Amino acid sequence: MKRLTIKDIAKEFNVSISTVSKALNNSYEISISTKEKIKKFAKENNYKPNFNALSLKNRQTKTIGIIIPNMLNYFFAQAFKGIEKVANDKGYKIISCISNESYTKEVETIEMLSNGIIDGFILSLSEETILKNEYAHLQAMINNDTPIVMFDRVTDDIDCDKVITDDFIGAVNTVNHLVKTGSKNIAFISTISKLKIGEKRKHGYLKGLEENNLTVNKNLIIDILEEDYKMYESILEPIFDNNTIDAVIATDESSAIAAMKIAIKKGFKIPQNFSVVSFSNGILARHSSPKLTTVSQHGELMGATAAEILINKLDKKRASEKPKTVVIKTNLVERNSTKKFSF
């Protein structure tokens, strides 16, 4: 069958091609009844936009490529939600891909989408990309005038717009809160120690200890691999047995909950004489027992901000501006795993 074109639809309704285009893109300039008729006809006749033609004519496909490292991570799921909402509101479609923490997959995805399908990228770097320190695939996009906005996991080696959280300050504030509520022997558990965000949280933890005149105990700085999540408790239990610990700050919810289970097993009462805080304000935190106090990174806001920046650039509202870095402030979401601070 001959592919239905926008000209065919215009002929069917005896209107201009411009009217059909505006109706299909839900423009306020076209009446609701006309939009509904045109959309219904297009759907019933399996109309598909010719993206190659759109690209040649408008230099835009109104489509954004999204690459995230891990869809199972609640933070990235929230970021994706924020991106999708802004994109939909502004008439953009999205193509979402997952790198699964693989440099090769990230490169292949960008190459696949850089053939005129998308207008720009929003991405959070895979762990392997960061560890390899290889960013030529991203620089090639920049050189080709394809805008990129990075969020959360970013690199200083690429000059593009970035959206990050104040991980360092978030960790400092968490230590301050724990000290104010009576903790003195605070452990730091990291499953992302090789990543820049992990380093920032660790440095914030150390700065918090310094500000409160607490001695650093290297035995309480615990690096474990994220993929070892099934063994978190067995890894952490000997550390609890051989050290005095009355609070834990973890970079993720799973290790925080593992620490909480061990503390309960050893006879601690949470939060009366043991406190636990985790970065990321996800589903596990809300359903753990007791419910987990978290440092919220505001994933949905971060994703929405990244989408706003990219679409404004694509729509030429700030195309000539130099790339900028937007910092999203974290905040402590207090639940039942920490004591309330009383003035």
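The paragraphs below set out a description of the structure included in this document. Residue numbers run consecutively from 1 along every chain, following the written order of its sequence. Where totals are concerned, whole chains, interfaces and linings use all residues; where local detail is concerned, this predicted model gives features only for residues with pLDDT of at least 70, and gives and counts side-chain atom pairs only at 80 or more. Excluded from the side-chain calculation are hydrogens and water; included are all heavy atoms of the structure.

1. What to know about the sheet that holds strand S5 (residues 161–165)
Sheets are built from strands that pair by backbone hydrogen bonding, the pairs being arranged parallel or antiparallel.
1) Next: If you walk across this open sheet you meet the six strands as S2-S1-S3-S4-S5-S11, and the pairing is parallel. Edge positions in the open sheet fall to strand S2 (93–98) and strand S11 (325–328), since each of these has one partner strand only. Ignoring strand direction, the axes of neighbouring strands in this sheet form an average angle of 15 degrees.
2) Next: At least two DSSP bridges between two strands are needed for those strands to be called paired. Every helix listed is a DSSP run of H or I at least four residues long, and every strand listed is a run of E at least two residues long, numbered separately from the N terminus. The sheet contact formed by S5 and S11 spans four bridges and is parallel. Residue pairing in the sheet places Val 163 in a bridge with Val 326 of S11. Fitted lines through C-alpha atoms give the axes, limited to the stretch in contact for helices. The angle between two N-to-C directions lies from 0 to 180 degrees.

2. Digging into the pattern of salt bridges
1) Next: One side-chain nitrogen of Lys or Arg within 4 Å of one carboxyl oxygen of Asp or Glu is enough to make a salt bridge. Counting across every chain of the model gives twelve salt bridges.
2) Next: For Glu 308, the salt bridge identified is with Lys 90, shortest N-O distance 3.7 Å. With Glu 308 in helix H14 (residues 299–314) and Lys 90 in the loop between helix H5 (74–89) and S2, this pair connects stretches of sequence that are 218 residues apart.
3) Next: Exposure is judged per residue with a 1.4 Å probe applied to protein chains only, and the accessible area is read against the type maximum: over 50% gives exposed, under 20% gives buried, and values in between give partly exposed. The partly exposed category is assigned to Lys 90, whose relative accessible area is 30%.

3. With respect to the side chain of Ser 99
1) Next: Assignment of secondary structure puts Ser 99 in the loop between S2 and helix H6 (103–113).
2) Next: For Ser 99, a relative accessible area of 1% gives the class buried.

4. Brief notes about empty space enclosed by the protein
It is the rolling of a water-molecule-sized probe over the atoms that shows where space remains empty.
1) Next: We place a 1 Å grid over just the protein atoms. Points where a 1.4 Å probe fits but has no way out form a cavity, open points with protein on both sides within 12 Å along at least 5 of 7 lines form a pocket, and any residue with an atom within 4 Å of a point lines it. Grid points are joined across faces, edges and corners, and a volume is the space filled by probe spheres set on the points. Overall, the coordinates contain one cavity of 30 Å³ or more when judged by the stated rule.
2) Next: Here the largest cavity defines a volume of roughly 100 Å³.
3) Next: Lining of the largest cavity is provided by Ile 130, Asp 152, Arg 153, Val 154, Ile 164, Thr 165, Asp 167, Leu 195, Lys 196, Ile 197 and Lys 200.
4) Next: Listing elements by their share of the lining of the largest cavity, those giving two or more residues are S5 and helix H10 (196–211).
5) Next: The element best represented in the lining of the largest cavity is H10, accounting for three residues.
6) Next: Residues are grouped as follows: nonpolar covers Ala, Val, Leu, Ile, Met, Phe, Trp, Tyr, Cys and Pro; charged covers Asp, Glu, Lys and Arg; every other residue, Gly included, is treated as polar. Looking at the lining of the largest cavity, its residues break down into five nonpolar, one polar and five charged.

5. What about the environment of Thr 181?
1) Next: Note that Thr 181 resides in the loop between helix H9 (167–180) and strand S6 (186–190).
2) Next: A sequence separation of 90 residues divides Thr 181 from Pro 271, and the C-alpha atoms of the two residues are 9.9 Å apart.
3) Next: Here a polar contact means two N or O atoms within 3.5 Å. Within protein one must be a hydrogen donor candidate and the other an acceptor candidate, and residues neighboring in sequence count only if both atoms are side-chain atoms. For Thr 181, the side chain forms a polar contact with the main-chain oxygen of Leu 178, separated by 3.0 Å.

6. What to know about the nonpolar core
1) Next: Ranked by size, the top nonpolar core spans 37 residues in total, and within it Tyr 205, Phe 240 and Val 248 carry the most contacts.
2) Next: Of all the elements in the fold, those that place two or more residues in this core are H9, S6, H10, strand S7 (221–223), helix H11 (232–242), strand S8 (247–250), helix H12 (253–265) and strand S9 (275–279).
3) Next: Here this core takes seven residues from H12, the largest share from any one element.
4) Next: Take the buried Ala, Val, Leu, Ile, Met, Phe, Trp, Tyr and Cys residues and link them wherever side-chain atoms come within 4.5 Å; each set so joined is a nonpolar core. Membership of the second largest hydrophobic core comes to 24 residues, among which are Ile 64, Tyr 92, Ala 307 and Leu 314.

7. Describing the sheet that holds S6
1) Next: Strand order across the open sheet formed by six strands is S7-S6-S8-S9-S10-S12, with mixed pairing between neighbours. Among the strands making up the open sheet, the edge pair consists of S7 and strand S12 (331–333). For this sheet, the mean inter-axis angle between neighbouring strands, taken without regard to orientation, is 20 degrees.
2) Next: Relative to S7, S6 runs parallel, the two being bridged by three bridges.

8. Observations concerning the packing of aromatic side chains
1) Next: Centres within 6.5 Å make a pair out of two Phe, Tyr or Trp rings, where for Trp the six-membered ring is used; the pair is then stacked when the planes are under 30 degrees apart, edge-to-face when over 60, and tilted otherwise. A complete count under the given rule lists six aromatic pairs for this structure.
2) Next: A centroid spacing of 5.2 Å and a plane angle of 65 degrees characterise the contact between Phe 75 and Phe 76, whose relative ring orientation is edge-to-face.
3) Next: Phe 75 gets classed as buried once you look at its relative accessible area, which sits at 6%.
4) Next: Taking relative accessible area as the criterion, Phe 76 reaches 2% and is therefore assigned buried.
5) Next: Three or more aromatic residues link up through ring pairs in this structure, and these residues are Phe 75, Phe 76 and Phe 151.

9. Things to note about unusual backbone geometry
1) Next: A cis geometry characterises the amide bond from Ile 270 onward to Pro 271, with omega recorded as 5 degrees.
2) Next: Following Ser 289, the chain continues into Pro 290 via a peptide bond in cis, with omega recorded as -5 degrees.
3) Next: At Asn 100, a residue that is not glycine, the phi angle is positive and equals roughly 55 degrees.
4) Next: Within the fold, Asn 100 resides in the loop between S2 and H6.
5) Next: Given a relative accessible area of 56%, Asn 100 falls into the exposed group.

10. Considering the pairing of strand S4 (residues 148–151)
1) Next: The side-chain alternation of S4 yields two buried faces, one formed by Ile 148 and Met 150 and the other by Val 149 and Phe 151.
2) Next: As defined by bridge partners, strand S3 (residues 120–123) adjoins S4 across three bridges and the pair is classed as parallel. Bridging from a neighbouring strand, Ile 122 pairs with Val 149 of S4.
3) Next: The sheet contact formed by S4 and S5 spans three bridges and is parallel. Bridged to Val 149 within S5 is Asp 161.

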